[in-house]
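# Understanding the architecture of this molecule
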Amino acid sequence: MSVARVTEITSSSKKSFQDAIEKGIARAAKTLKNVEGAWIQDQKIVVVDGKIAAYRVNMKVTFILTDS
């Protein structure tokens, strides 16, 4: 039997939502072991002077807990 945990993270990119997601997952995988999936909860843009300055995503990342 496995036990999973879900943690919420926010990631940002100047390029796109896709890039923000990829950066967030890559960073989560460096810190958390056994990342199994993610759910994109929110997407938001930051506007500066009428132009998109950043793409942000809130995601819930699921990872499997281990005994060691």
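Residues numbered from 1 in each chain as written. Predicted model: local features only at pLDDT ≥ 70, side-chain atom pairs only at ≥ 80, totals over all residues. Heavy atoms only, no water.

What follows concerns the pairing of strand β3 (residues 51–65). With 11 bridges joining them, strand β1 (residues 3–13) and β3 adopt antiparallel strand pairing. If you follow valine 3 over to β3, its bridge partner there is leucine 65. Two strands pair when backbone bridges link them, and strand β2 (residues 35–48) and β3 are joined in this way by 12 bridges, in the antiparallel orientation. By the bridge assignment for β3, valine 48 is matched with lysine 51. The loop that links β2 with its antiparallel partner β3 comprises two residues; one of these, aspartate 49, has a positive phi angle of about 55 degrees. (Pairing = 2+ DSSP bridges. Helix = DSSP H or I, 4+ residues; strand = E, 2+ residues; numbered from the N terminus.)

What follows deals with the pattern of salt bridges. Under the counting rule described, the total for this entry stands at one salt bridge. Here aspartate 19 and lysine 23 are joined by a salt bridge, their closest N and O atoms 3.5 Å apart. Of the two residues, aspartate 19 and lysine 23 both sit in helix α1 (residues 17–31), four residues apart, roughly one turn of that helix. Under the relative-accessibility criterion, aspartate 19 is labelled buried at 14%. Under the relative-accessibility criterion, lysine 23 is labelled partly exposed at 43%. (Salt bridge = Lys/Arg side-chain N within 4 Å of Asp/Glu carboxyl O. Buried < 20%, exposed > 50% of the residue type's maximum accessible area, 1.4 Å probe, protein only.)

Let's shift gears to the packing of aromatic side chains. Counted by the stated rule, this structure contains one aromatic pair. Arranged with centres 5.1 Å apart and planes meeting at 80 degrees, the rings of phenylalanine 17 and tyrosine 55 form a pair that is edge-to-face. Within this pair, whereas phenylalanine 17 is found in helix α1, its partner tyrosine 55 is found in strand β3, the two being separated by 38 residues in sequence. Take phenylalanine 17: its relative accessible area is 23%, and that puts it in the partly exposed class. On the basis of relative accessibility, which here comes to 18%, the residue tyrosine 55 falls in the buried class. (Phe/Tyr/Trp six-rings, centres within 6.5 Å; stacked < 30°, edge-to-face > 60°.)

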